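# Examining the three-dimensional arrangement
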Amino acid sequence: MKLAVNGIGIVSTLGTVDSIAELLQQSQISVASLASSAKVSLNFPSEMNIPGGLVRRMSHFAKMAVLSAGYALVDSELDCRAKRVGIIEGSVYGPITSGLKAFDELIDFGDDKISPTTFSGSVFNAAATYLSLAFGIQGPILTQTAGADTLYNSLTMASLWLESGMVDYVILGVGDEFADYFSDITATNGSNSKSLPTSEGWTTLIVSRADAEKTAYGQLEFDYSEQFVAQTENQINSFWNEDFGGEWNSLRGAYPAGVAFDVALLLLARKLQRFPRQSADGSEYSVSDLNGEALSCCNHAESGKAFFYYRCSAR
Amino acid sequence: MSTECYITGVGCISKAGRNVSEMMSCLYGGHRSPEVPQRMIYKLPKHYPVFEISGVDAAIDNISLHFAEIATAEALKQSGIDERLLQQKKVGFVLGSSSGCFFNKEEYYGQHRQADAISAEYFADVLFKGNIAHHLAEKYAAHGMCLTISNACASGTDAIGLGSQLIKSGECDIVIAGGCDELARMVYLGFISLMNTSEYPCKPFSATRSGLNLGEGAGICVLESAASLEQRHGRERVLGTIAGYATCCDSYHVTAPEPDGRGLRTALASAMQQAGLTPSEIAFVNAHGTGTTENDKVEGKVLADVFGSDVVVSATKAYTGHTLGAAGALEAIISLQCLLNGQIPAVPDYDDFDPECRVTLACSNRRIEGQYACSTSLAFGGINSVLVIGKTK
């Protein structure tokens, strides 16, 4: 399947698309020089025109999703109120901080003390809800979770919606939040497990049918195979577990939905013709020019029996 | 997307029955019995009745999945599809769950807080990965798309609707679609905090309605393409079709429905357009009908405007409770069974319908004629989802 990508919004410890684009202009990126914080900072630019009262009611999880979508909408110049727009939001872990806070309230304060705000913030589709409210989107709205398949499934459903004519554009967001409890687990259990996140982030793509006349970031083709396809020069492994080669985990931090960031970075790298390659010891990335090549990445399916491939090209 | 999406098997479990036949007997018999929760332990000054499935072993690790497995086994048996066939075809699993099964992990979390010996990997996997579709696919060793929908109370409807899109687009030959949810302390106490839970048996569309009763269960439909049916010579298995599906958002408020029901009107119009039907061709509507003040008022008004105030409406949460992620799937199955039986169930024990809701429910079981029904779901976040279900001719 193929989609046209019209805009990208990124919320990450590396910053937004603009700051990542600046990073790609360097010849080398030292991992030690990158932000070490697990959490992203979130500031809503006034030009997004999102009411302050609405922002205050959002959880950190919802804020990441909405801010990332806001950046993507600005980037794409899409007028949500003039077009038929759908929302697909995916997350591997969901709003865990709000969910755990709700558990904490029950355990610490008693069964009749759970706050309705905390409870409603812990509902999985809260992020998509706030996104629809922030930008006045009245189209179809979907929140889904599918482990390592989350990005692939989101793209598939977006493609079905677009091909069937349900919508003209899809705001497709995928991300995960870091919870302090991950640090607590590591401290409590003395674990240095690579299966726990070290970071968080949210990536949003504005996608339309592959045959769209205009596309700012070219086309994104995605497919799956039950066999691992040997790595080419311009393909990265985007596996969540570093043991299998999460090649950009050191750039963005590791979190299960990080493959969405990697795909966005590929789209940006192809547009800018600048590609970061990890050094053998993992301490830095050297950024080199491209010659118009297509870029791709691969990640492992949740079942452990298949691989997803994402290929970014001009057409 | 032009091909049909057929329903070849259905299965369910809820307080109203442990299979489809039991559930429909319960509904047509007018039996309902919301009770004080038994499995959950809590401290509150008063009780709020729930439709809890009795005899469930509280030690089961994932009760939602357990319910989904029961319903799937029934649905697959009716469809005549065995496990070997599931492994040969492109099979999708699309399951709705209001929280991705997160809310049933309070006990694990409590243990973690006490620094109990839970491994980091186990904690992260069990607590946060609520991927019920994958769990179910693994059981059948099937490979294909696995999608867990968390669209709050519309999850079950959306799972079936999106499953039908996967069939119609040719992405899948067979989709196991539906929803499941269990009663968990967090959900029970959270809904009480939102003050939309009733101390009494719920009364959808009644003038004296005072809120919803939570429930639990699962509903599963086996959806299949024409090509798949042809290949396995299974035409006689067809029970009905998913003729139309639409969903759209109010963009109005986090929890309250848009007062004029704009989103629901749009979803109804789109779903019927997709099915190629006019309102007069809809035999009845199985309403979301939670028994909460605002939901029923908005929904009733829209249904009366779209279908006319003499539209036949059923509101079966009065028998199953509000089963959240399972609700839309259970109600899709009930709608199909009502079409096949030519009869919708009466509302139980009350007839004080709210004139503001503008729809009247049947006070006794009512005969219906026609090929198609609509099932509606309105959810947290302003989601409005509609299925148009057809029966075999």
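Residue indices follow the written sequence of each chain, beginning from 1 at its first position. Lettering of chains starts at A and numbering of ligands starts at 1, both following the order in which they are written. Local features in this predicted model are restricted to residues of pLDDT 70 or higher, and side-chain atom pairs are both shown and tallied only at a pLDDT of 80 or more, whereas totals for entire chains, interfaces and linings draw on every residue. Neither water nor hydrogens contribute to the side-chain values; these are computed over all heavy atoms in the structure.

Quick look at the packing of aromatic side chains now. Any two rings among Phe, Tyr and Trp, with Trp reduced to its six-membered ring, count as a pair given centres within 6.5 Å; such a pair is stacked if its planes are under 30 degrees apart, edge-to-face if over 60, and tilted if neither. Applying the stated criterion across every chain yields a total of 11 aromatic pairs over all chains. A centroid spacing of 5.0 Å and a plane angle of 90° characterise the contact between A:F61 and A:W202, whose relative ring orientation is edge-to-face. Of this pair, A:F61 sits in helix α3 (residues 60-76) while A:W202 is found in strand β6 (residues 201-209), placing the two residues 141 residues apart along the sequence. Burial status follows relative accessibility: with a 1.4 Å probe on protein chains alone, a residue under 20% of its type maximum counts as buried, one over 50% as exposed, and anything between as partly exposed. Under the relative-accessibility criterion, A:F61 is labelled buried at 3%. An aromatic cluster is defined as three or more aromatic residues linked by ring pairs; in this entry it consists of A:Y152, A:F222, A:Y224 and A:F308. Here the guanidinium or amino end of A:K271 rests over the ring plane of A:Y217, the centre of that ring lying 4.4 Å away. In this structure, B:K139 is placed above the aromatic ring of B:Y140, and the distance from its NZ or CZ to the ring centre is 5.8 Å. Working definition: helices are DSSP H or I runs of at least four residues, strands are E runs of at least two. Numbering for both runs from the N terminus. Working rule: Lys NZ or Arg CZ, within 6 Å of ring centre, within 35 degrees of ring normal, means a charge sits over the ring.

With that settled, consider the sheet that holds strand β2 (residues 28-30) of chain A. Consider a sheet: its strands pair through backbone hydrogen bonds, and that pairing is either parallel or antiparallel. All names here are of chain A. Spatially, the 3 strands line up as an open sheet ordered β2-β10-β9, and their pairing is antiparallel. Looking at strand neighbours, the two that pair on one side only are β2 and β9 (274-278), the edges of this open sheet. Strand after strand, the sheet turns through a mean of 25° between neighbouring axes, direction not considered. Two strands form a pair only when DSSP identifies at least two bridges running between them. Judged from the 3 bridges that link them, β2 and strand β10 (residues 284-289) form a sheet pairing that is antiparallel. The partner of Q28 across the bridge, within β10, is S286. Each axis is a line fitted through C-alpha atoms, and for a helix only the stretch in contact is used; angles between axes span 0 to 180 degrees, taken between their N-to-C directions.

Here helix α4 (residues 96-109) of chain A crosses helix α4 (residues 106-113) of chain B at 75°, and the two axes come no closer than 11 Å. Judged by the inter-axis angle, α4(A) sits roughly perpendicular to α4(B). Between α4(A) and α4(B), the residues in contact are A:L100, A:F103, A:D104, A:L106, A:I107 and A:D108 and B:E106, B:Y109, B:G110 and B:R113, respectively. Grouping the amino acids of the contact of α4(A) with α4(B) by side-chain chemistry returns 5 nonpolar, 1 polar and 4 charged. An angle below 35 degrees is treated as roughly parallel, one above 145 as roughly antiparallel, one from 65 to 115 as roughly perpendicular, and anything else as oblique. The contact criterion used is simple: two residues touch if any of their non-hydrogen atoms lie within 4.5 Å. For this scheme, ten residues count as nonpolar: Ala, Val, Leu, Ile, Met, Phe, Trp, Tyr, Cys and Pro. Four count as charged, namely Asp, Glu, Lys and Arg, and the remainder, Gly too, count as polar.

Since there are 3.6 residues in each turn of an α-helix, residues three or four apart along the chain are aligned in direction. All names here are of chain A. Within helix α6 (residues 126-135), 10 of the 10 residues are buried, leaving the element largely enclosed by the surrounding structure. Turning to α6, its buried residues number three or more, namely A126, A127, A128, T129, Y130, L131, S132, L133, A134 and F135. Of the residues trailing α6, G136 is marked for its positive phi of about 65°.

Tracing the sequence through the fold places B:D354 in the loop between β9 (343-344) and β10 (366-367). Identification of polar contacts relies on pairs of N or O atoms within 3.5 Å, with a donor-acceptor requirement for protein atoms, meaning one able to donate a hydrogen and the other able to accept it, and with residues adjacent in sequence counted only if both atoms are side-chain atoms. For B:D354, the side chain forms a polar contact with the main-chain nitrogen of B:E356, separated by 2.9 Å.

Turning our eyes to something else, we now look at the nonpolar core. The term nonpolar core refers to a set of buried residues drawn from Ala, Val, Leu, Ile, Met, Phe, Trp, Tyr and Cys, joined through side-chain atoms within 4.5 Å. With 184 residues, the main nonpolar core has A:F135, A:Y310, B:Y188 and B:L223 as its most contacted residues. Here the element with the most residues in this core is helix α10 (residues 258-272) of chain A; it accounts for 10 residues. Setting aside anything within four residues of it in sequence, one finds A:Y310 in contact with A:L151, A:Y152, A:L155, A:L220, A:E221, A:F222, A:V259, A:V263, A:L295, A:S296, A:C297 and A:N299. In this structure, B:V298, B:A304, B:F307 and B:C357 belong to the second largest nonpolar core, which totals 33 residues.

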